[in-house]
Amino acid sequence: MSRLLRTLGYAVVIVGLWSLYVRLADVPAYLLPAPEEVLGALAGLVGDGTLWPHLLYTARNIVLGFAGGSLIGIALGWALWSSRLLRELLNPYLVLLQAAPKIAVAPLLVLWFGLSLTSQYVLILLLVFFPMMAATMLGLRDVPADVATLGRLLNLSRAQYLFKIQIPAATPALLAGAKIAVIDAMTGAFLAEYLSAQRGLGYLMILGNTSNDTPLLIAAVLVTVLVGLTGFGLVSLVERLRRI
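Residues numbered from 1 in each chain as written. Predicted model: local features only at pLDDT ≥ 70, side-chain atom pairs only at ≥ 80, totals over all residues. Heavy atoms only, no water.

Following the criterion strictly, the structure yields three salt bridges and no others. With a shortest N-O distance of 3.3 Å, arginine 84 and glutamate 88 are connected by a salt bridge. One end of the pair, arginine 84, and the other, glutamate 88, are both in helix 4 (residues 84-99), four residues apart, so they sit about a helical turn from each other. Looking at glutamate 88, the relative accessible area reads 52%, which means it is exposed. Across the salt bridge formed by glutamate 239 and lysine 179, the nearest N and O atoms sit 2.6 Å from each other. (Salt bridge = Lys/Arg side-chain N within 4 Å of Asp/Glu carboxyl O. Helix = DSSP H or I, 4+ residues; strand = E, 2+ residues; numbered from the N terminus. Buried < 20%, exposed > 50% of the residue type's maximum accessible area, 1.4 Å probe, protein only.)

Take a look at the structure:
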């Protein structure tokens, strides 16, 4: 409860400073509208039902991209951890892929896959899989030696050893990686919508920008922030529940 009140207090301070700055500095509305104008734009989006299809579209892409990227990252992380030869073969390419700026890769995906969901999902997967892969390798590396020895003494199969010993031991690292990956999934979804979508919160931002509707643009940004905080909060909740 105290954390919630503290968060609300921070929000009140930010909005207060925002409102004060706009009035004292006489900032034009097209540069930075007052908080009540943004709230009005947000209320309009909610009231006429415009927000919900865009929000659901973005949320669906984030969830599917995060789930798919996590599965790929965990599987690839386990494979790289298990095989030194595979690490030596793939590591240079994986690092090169991760180092490439996604803002530059995104137009190529649109060129290759067209203005479709495929290009959007591929971009999200590219952003999500790497932190999950790194978290998996880190978690598997840190499995306690006595736990590993116990697994061998119990004569567990490779699959049993993975799911009963390795995955539970690596869960803290996986959850830490998931916190990064869920934000990356959100970033990928919005970037993809900027380039190729006709729906979504990213599209609402473009609509506000191209129509010089700054309240709409900022309202879409605020909803985007809430979506990111929600995803991060859900992963944090799972992490806390695991400790109980």
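Having seen it, we continue.
For the rest of this paragraph, the subject is the nonpolar core. Leu51 and Leu201 are the most contacted members of the largest nonpolar core, which totals 31 residues. Taken together, the elements giving at least two residues each to this core come down to helix 1 (2-24), helix 2 (35-47), helix 3 (51-82), helix 6 (117-141), helix 8 (158-196), helix 9 (201-210) and helix 10 (214-243). It is helix 8 that provides the largest number of residues to this core, a total of nine residues. Setting aside chain neighbours within four positions, we find leucine 201 in contact with Leu51, His54, Leu55, Thr58, Phe190, Glu193, Ala220, Val223, Thr224 and Val227. Leu94, Val105, Leu126 and Met137 belong to the second largest nonpolar core, which has 12 residues in total. (Core = buried A, V, L, I, M, F, W, Y, C linked by side-chain atoms within 4.5 Å. Contact = heavy atoms within 4.5 Å.)

Turning next to unusual backbone geometry. What is expected of a backbone is that most residues other than glycine have negative phi and most peptide bonds are trans. Positive phi is not limited to glycine here, since aspartate 26 has a value of about 50°. For aspartate 26, the location among the structural elements is in the loop between helix 1 and helix 2. A relative accessible area of 62% means that aspartate 26 is categorised as exposed. Despite not being glycine, asparagine 212 shows a phi value in the positive range, around 55°. Looking at where asparagine 212 falls in the secondary structure, it is placed in the loop between helix 9 and helix 10.

Turning to helix 2, a few remarks are in order. Helix length check: helix 2 (13 residues) gives 18 Å between terminal C-alpha atoms against 18 Å at 1.5 Å per residue, within 8%. If you check which residues of helix 2 are buried, you get Pro35, Val38, Ala41 and Leu45. Seen along its axis, helix 2 keeps its buried residues to an arc of 125°; they face one direction. Exposed residues pointing more than 90 degrees away from the buried face of helix 2 are listed as Leu39 and Gly47. (Expected span 1.5 Å × (residues − 1). Arc of directions from axis to C-beta.)

Our next topic: the packing of helix 3 against helix 6. Remark: helix 3 packs on helix 6, axes separated minimally by 5 Å, with the N-to-C direction vectors making an angle of 40°. Relative to helix 6, helix 3 is oriented oblique. For the crossing formed where helix 3 meets helix 6, the hand is right-handed. Here the contact of helix 3 with helix 6 is built from residues that sort into 19 nonpolar, nine polar and two charged. (Axes fitted to C-alpha atoms, helices over the stretch in contact; angles between N-to-C directions. Parallel < 35°, antiparallel > 145°, perpendicular 65-115°, else oblique. Left-handed = near helix turned anticlockwise from the far one by under 90°. Nonpolar A, V, L, I, M, F, W, Y, C, P; charged D, E, K, R; others polar.)

Here helix 4 crosses helix 6 at 135°, and the two axes come no closer than 11 Å. Here helix 6 runs oblique to helix 4, going by the angle between their axes. Crossing hand, helix 4 versus helix 6: left-handed. Contacts from Arg87, Leu94, Leu97 and Gln98 of helix 4 reach helix 6 at Leu126, Phe129, Phe130, Met133 and Met137. Classifying every residue of the contact of helix 4 with helix 6 by side-chain character gives seven nonpolar, one polar and one charged.

Mapped onto the elements of the fold, alanine 134 is located in helix 6. Once the C-alpha coordinates of alanine 134 and threonine 214 are considered, the two residues, 80 residues apart in sequence, prove to be 39 Å apart.

Our focus in this paragraph is a nonpolar patch on the surface. A cluster of nonpolar side chains, contributed by Leu85, Leu89, Leu90 and Tyr93, occupies part of the molecular surface with about 430 Å² of accessible area. Along the chain, tyrosine 93 falls in helix 4. Relative accessible area serves as the criterion here: at 59%, tyrosine 93 is assigned to the exposed category. (Patch = residues over 30% accessible without salt bridge, like charges linked within 9 Å, V, L, I, M, F, W, Y side chains within 5 Å. Areas by Shrake-Rupley, 256 points an atom, 1.4 Å probe, with all protein chains shown as cover.)

A few words on the side chain of asparagine 61. Examined against the element boundaries, asparagine 61 turns out to sit in helix 3. Look past the residues within four positions of asparagine 61 in its chain and what remains in contact with it is Leu117, Gln120, Tyr121, Ile124 and Glu193.

Looking at the secondary structure, you find glycine 65 in helix 3. Separated by 63 residues in sequence, glycine 65 and valine 128 place their C-alpha atoms 7.5 Å apart. Among residues more than four places away in sequence, those in contact with glycine 65 are Ile124, Leu125 and Val128.

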